[in-house]
Amino acid sequence: MIPDLVFSGQLAIALPLAMLAGLVSFISPCVLPLVPGYLGYVSGSAGADPRRGRSRVLAGAALFVLGFAAVFIAYGALFGAVGAWLIQWQSVLIRVLGVIVIVMGVAFIGFIPGLQRTVRTRITPAVGLAGAPLLGVVFGLGWTPCFGPTLVAISALSMDSGSAGRGALLALAYCLGLGVPFLLLAGGVTWATRAVARARAWVRPMNIAGGIMLIILGLLMVTGLWTAVIYQLQGWIGAFTTPI
């Protein structure tokens with residue numbers, strides 16, 4: 001059951017794209033520069049040396065990631081369920097969603113300022129581990145300027161999946177791409193810290209690259225090439241047999 005779900009034609013392509021979209025969201029200019037602040041806040045050690053109490057920082061980061069993962073997975077399941085209801089109009093739906101993804105890609109690059117506005121809730125969670133999950137929920141619900149476009153793209157793929165379960169799985173992949181870097185940094189992984197430090201100098205080029213990725217995905221959906229690739233992949237997977 002689970003292998004069939006994961007290795008279906010649609011998910012075999014969409015899952016890596018979802019993880020990549022999550023990583024692009026992490027390196028966006030409204031997330032990456034604030035990572036030390038997030039980690040300090042959720043561990044209750046804001047302004048302190050991040051090397052102190054490493055296990056506490058890691059626990060806070062994990063709870064923070066679980067908080068926003070719950071929100072995004074709920075989004076994915078909802079959009080997947082809606083897609084199942086609209087499956088009879090799949091061809092038109094995919095093209096409309098493709099147009100939306102293209103617009104989001106253009107917005108991600110920064111060409112549509114109106115879609116770059118920040119929408120934040122006024123909830124201020126308590127500092128420390130107790131408030132970490134709630135901060136994650138607030139992050140997922142209200143911090144929209146940079147990861148919004150990539151999340152819209154994943155929601156579009158979730159609707160295309162026509163299943164709440166597949167939609168949730170795509171959202172989980174997105175959360176892994178967005179959340180694993182938080183955990184690596186909180187755990188003090190040296191290479192991750194160095195990579196983030198270098199990435200700060202390349203935020204703008206990486207945002208442009210992420211926007212282009214979304215635009216290409218949208219064009220594939222609008223032109224029908226996305227569906228053709230999915231059907232071709234489903235045929236290959238269906239015809240594959242193990243040697244044993």
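Per an unreviewed UniProt entry, the protein is named Cytochrome C biogenesis protein, and its organism is Cnuibacter physcomitrellae. Its UniProt record, at the heading Subcellular location (unreviewed entry), says of the protein: "Membrane". Database annotation for the protein, UniProt heading Sequence similarities (unreviewed entry): "Belongs to the DsbD family."

Participant: Go over the environment of isoleucine 94 with me, naming the residues and quoting the values.
Facilitator: Relative to the helices and strands, isoleucine 94 resides in helix α5 (residues 90–109). When the C-alpha atoms of isoleucine 94 and threonine 223 are compared, they prove to be 9.5 Å apart, with 129 residues separating the residues in sequence.

Participant: How would you summarise the packing of α5 against helix α10 (residues 203–223) if you had to cite specific residues and measurements?
Facilitator: Running from N to C, α5 and α10 cross one another at 165°; their axes reach a closest spacing of 7 Å. Classified by the angle between their axes, α5 and α10 sit roughly antiparallel to one another. Relative to α10, the crossing made by α5 is left-handed. Across the contact of α5 with α10, the residue classes break down as 17 nonpolar, 7 polar and 2 charged.

Participant: Lay out the nonpolar core with the relevant residues and their values.
Facilitator: Among the nonpolar cores identified, the biggest contains 54 residues, and Phe26 and Phe182 are the most heavily contacted of them. Not counting residues up to four positions away in its chain, the partners in contact with phenylalanine 182 are Phe26, Val31, Val35, Tyr38, Leu39, Ala61, Phe64 and Val65.

Participant: I'd love a proper account of the packing of aromatic side chains, names of residues and values included.
Facilitator: Scanning all chains against the criterion turns up 12 aromatic pairs. Judged by centre distance (5.5 Å) and plane angle (80°), the rings of phenylalanine 64 and phenylalanine 68 are edge-to-face. Here phenylalanine 64 and its partner phenylalanine 68 are both found in helix α4 (residues 54–85), 4 residues apart, which amounts to about one turn of the helix. We note that phenylalanine 64, like phenylalanine 68, is buried. Aromatic rings pair up to connect Phe26, Tyr38, Phe64, Phe68, Phe72, Tyr75, Phe139, Tyr174 and Phe182 into one cluster.

Participant: Let's hear about α10: which residues, and what values?
Facilitator: An ideal rise of 1.5 Å per residue puts 30 Å on 21 residues; α10 measures up with 30 Å between its terminal C-alpha atoms. Along α10, the residues that are buried comprise Val203, Asn207, Gly210, Gly211, Met213, Leu214, Leu217, Gly218 and Met221. Projection of α10 onto a plane perpendicular to its axis shows the buried side chains occupying an angular sector of 150°, all on one side. With its phi angle positive at about 90°, glycine 224 sits one or two positions after the end of α10.

Conventions and cut-offs
Every chain is numbered independently, its residues counted from 1 as its sequence is written. Totals for whole chains, interfaces and linings use all residues, but because this is a predicted model, local features are given only for residues with pLDDT of at least 70 and pairs of side-chain atoms are given and counted only at 80 or more. Only heavy atoms go into the side-chain values, all of them from the structure, while hydrogens and water stay out. UniProt positions are given in the numbering used here, feature names are shortened, and annotations may be inferred rather than shown by experiment. Only DSSP runs of H or I reaching four residues or more are called helices, and only runs of E reaching two or more are called strands; each is numbered from the N terminus. Orientation is described by lines fitted to C-alpha atoms, with helices fitted over the stretch in contact, and by angles between N-to-C directions that extend from 0 to 180 degrees. Convention used here: angles under 35 degrees read as roughly parallel, angles over 145 as roughly antiparallel, angles from 65 to 115 as roughly perpendicular, and any remaining angle as oblique. Note on convention: near helix rotated counterclockwise from far helix by under a right angle means a left-handed crossing. Clockwise means right-handed. Each residue receives one of three labels: charged for Asp, Glu, Lys and Arg, nonpolar for Ala, Val, Leu, Ile, Met, Phe, Trp, Tyr, Cys and Pro, and polar for the others, Gly being one of them. As used in this record, nonpolar core signifies buried Ala, Val, Leu, Ile, Met, Phe, Trp, Tyr and Cys residues forming a set joined through side-chain atoms within 4.5 Å. Between buried and exposed lies partly exposed: a residue is buried under 20% and exposed over 50% of the maximum accessible area for its type, with that area taken using a 1.4 Å probe on protein chains only. Throughout, a contact is declared for two residues whenever any of their heavy atoms are within 4.5 Å. The criterion for an aromatic pair is that two Phe, Tyr or Trp rings (for Trp, the six-membered ring) have centres within 6.5 Å, with stacked assigned to planes under 30 degrees apart, edge-to-face to planes over 60 apart and tilted to the rest. Residue count minus one, scaled by 1.5 Å, sets the expected span of a helix. The arc in question is traced by the directions running from the helix axis to the C-beta atoms.

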